[in-house]
Amino acid sequence: MDTNCIFCKIANGEIPSKTLYEDERFRVILDLGPATKGHALILPKGHYANLYELPEEVAGETMKLAKKMAAKMTERLKCEGFNLIQNNGDLAGQTVFHFHLHLIPRYQADGQKIGWKPMEVTQEELEEIKNEIVG
Ligand code: 5GP
Ligand code: ZN
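Below: a short report on this structure. (Residues numbered from 1 in each chain as written. Chains lettered and ligands numbered in written order. Predicted model: local features only at pLDDT ≥ 70, side-chain atom pairs only at ≥ 80, totals over all residues. Heavy atoms only, no water.)

## Structural notes on the overall build of the protein chain
- Along the backbone of the protein chain there are 3 helices and 5 strands.
- Shown N-terminal to C-terminal, the secondary structure of the protein chain runs as helices and strands in the order α-β-β-β-α-β-β-α.
- Burial statistics for the protein chain: of 135 residues in total, 32% are counted as buried.
- Within the protein chain, counting contacts between residues at least 6 apart in sequence, those at least 24 apart form 52% of the total.
- Across the protein chain, the mean location of the 16 positive side-chain charges is 12 Å away from that of the 20 negative side-chain charges. (Helix = DSSP H or I, 4+ residues; strand = E, 2+ residues; numbered from the N terminus. Buried < 20%, exposed > 50% of the residue type's maximum accessible area, 1.4 Å probe, protein only. Contact = heavy atoms within 4.5 Å. Lys, Arg positive; Asp, Glu negative; His and termini not counted. Charge placed at Lys NZ, Arg CZ, Asp CG, Glu CD.)

Right, dumping it as structure tokens:
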């Protein structure tokens with residue numbers, strides 16, 4: 001646990017939160033600045049700044065928990081879609097440097113647009129990029 005980290009304090013119960021789920025390793029809380037009704041965050045109780053620092057096992061458990069939470073929230077909130085979002089680094093929009101996975105229920109006319117402007121790319125460029133990553 002990092003004593004300067006707000007999500008460490010929330011995850012470990014030192015700061016109260018609207019908790020949807022808790023076990024030994026995780027807490028799931030409602031986001032204070034929600035994108036939509038029910039926007040929640042999965043927080044591991046251990047402090048890992050981002051995906052790169054997250055142990056593989058915790059990464060796997062996080063996705064299992066996301067699946068469970070998405071099912072429960074969809075049933076209860078009657079949402080019609082669901083986004084999972086996870087930001088790493090300032091540039092990517094991360095503002096709290098304790099790994100978290102956003103659970104964002106989506107509704108008709110919820111007024112949110114989560115996405116990107118697609119670039120144009122050729123097959124040759126895709127081939128080069130592929131080789132850069134895995135070549
Ligand atoms: P990030 O931009 O790092 O991916 O997401 C951080 C999220 O944490 C934001 O959606 C923000 O609203 C939420 N947040 C920041 N501080 C608090 C807090 O003290 N309590 C809760 N419940 N959410 C917080
Ligand atoms: Zn932390």
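Read on, since the account is not over.
## Notes on the coordination of the zinc ion (ligand 2)
- Looking at the zinc ion (ligand 2), the protein donor atoms are C5 (SG), C8 (SG), H47 (ND1) and H98 (ND1), and they sit 2.0 to 2.3 Å from it.
- Viewed at the metal, the 4 donor atoms of the zinc ion (ligand 2) are separated by angles of 105 to 117°, and the geometry they form is tetrahedral.
- Spacing between the donor residues of the zinc ion (ligand 2) along their common chain follows C-x2-C-x38-H-x50-H. Of this pair, H47 sits in the loop between β3 (40-44) and α2 (56-77) while H98 is found in the loop between β4 (81-85) and β5 (101-106), placing the two residues 51 residues apart along the sequence. (Donors = N, O, S within 2.8 Å, 3.2 Å for Na, K, Ca; no water. Tetrahedral: all angles 85-135°; square planar, octahedral: opposite > 155°, others 65-115°.)

## A word on α2
- With 22 residues, α2 extends 31 Å from end C-alpha to end C-alpha; this agrees with the ideal 32 Å at 1.5 Å per step.
- Taken as a whole, α2 has its buried residues at V58, T62, L65, A66, M69, A70 and M73. Taken around the axis of α2, the buried residues stretch over an arc of 155°, which confines them to a single face. In this structure, α2 carries E56, E57, K64, K67, K68 and E75 as exposed residues pointing more than 90 degrees from its buried face.
- Following α2 by one or two positions, K78 adopts a phi angle in the positive range, close to 55°. (Expected span 1.5 Å × (residues − 1). Arc of directions from axis to C-beta.)

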